[in-house]
Amino acid sequence: MDFSYSDEQRMLADTLERLVADQTPLERHGNQLDPVLAERSTLWQTFAELGLLHMPFAEAVGGLGGDGTDLMIIMQALGRGLVPEPYLAGLLLPGDLLARLPDPGQRARWLTPLMEGEHQLALAWQERDARYDPHGIATIASPQGNGWRLEGGKQLVIGAASAAAVLVTARISQSAWVSSWCPPPPRG
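Note that the structure is a prediction, hence the values are computed from the model and not measured.

Definitions and cut-offs
Residues numbered from 1 in each chain as written. Predicted model: local features only at pLDDT ≥ 70, side-chain atom pairs only at ≥ 80, totals over all residues. Heavy atoms only, no water. Helix = DSSP H or I, 4+ residues; strand = E, 2+ residues; numbered from the N terminus. Expected span 1.5 Å × (residues − 1). Buried < 20%, exposed > 50% of the residue type's maximum accessible area, 1.4 Å probe, protein only. Arc of directions from axis to C-beta. Contact = heavy atoms within 4.5 Å. Core = buried A, V, L, I, M, F, W, Y, C linked by side-chain atoms within 4.5 Å.

S.K.: Break down helix α4 (residues 68–80) for me, with residues and values.
M.R.: Across its 13 residues, α4 extends 18 Å between first and last C-alpha, which sits within 8% of the 18 Å expected from 1.5 Å per residue. Among all positions of α4, only D70, I73, I74, A77 and L78 are buried. Viewed along the axis of α4, the buried residues span an arc of 120 degrees, placing them on a single side of the element. More than 90 degrees from the buried face of α4, the exposed residues found are G68 and R80. Buried residues in α4 make contact with α1 (7–22), α3 (42–49) and α5 (87–99). Once α4 finishes, L82 follows within two positions and takes phi at roughly 50 degrees, a positive value.

What follows is the structure, given as structure tokens:
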């Protein structure tokens, strides 16, 4: 089995290595304890310009159709450089949920701007007694007026303070729930 990178993957790894190396420790970590800033991160914008925000999504929804190796390269580089940008929590998790929506209008409203770097999102899925089980959802969503009423609680919603929206997993009744963890759409 050949585990070597393709030419494109080597270029991706080299580009990310240079990008992370060009960030000084102060730029990477200096404002993590500061209050959330209203403006977008310049590094997040650079991710968008390099196509890193499009990488994990299928071409059918406007992405680049990257595979697991591409994501591994990105995550390794960001982890190695201790880059604080919420690539996993602010892009991958909520973006995967949005990419699976059957409504193209909702995808266009939230996923397209996410891939363009216009905002970050957060996914509220972890519950107190679920012990990291994504199916252990106790939060209930019930229709109320023109919207929904949520009853329950989530823990550790990473990036919620800087997110344009928080996607919440919830049951729509005591016996049924909406799953955001279904098989990915076929690549085409």
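Structure shown, so let's carry the discussion forward.
S.K.: Provide a residue-level description of the nonpolar core, including the pertinent values.
M.R.: Core analysis: the largest hydrophobic core is formed by 32 residues, its most contacted members being L16, F47, I74, Y87 and L111. If you list the elements that add at least two residues to this core, you get α1, α3, α4, α5, α6 (104–115), β1 (121–124) and β4 (165–168). Of the residues forming this core, the biggest block, six residues, is contributed by α5. In contact with L111, not counting residues within four places along its chain, are F57, V61, G95, L98, A99 and Q106.

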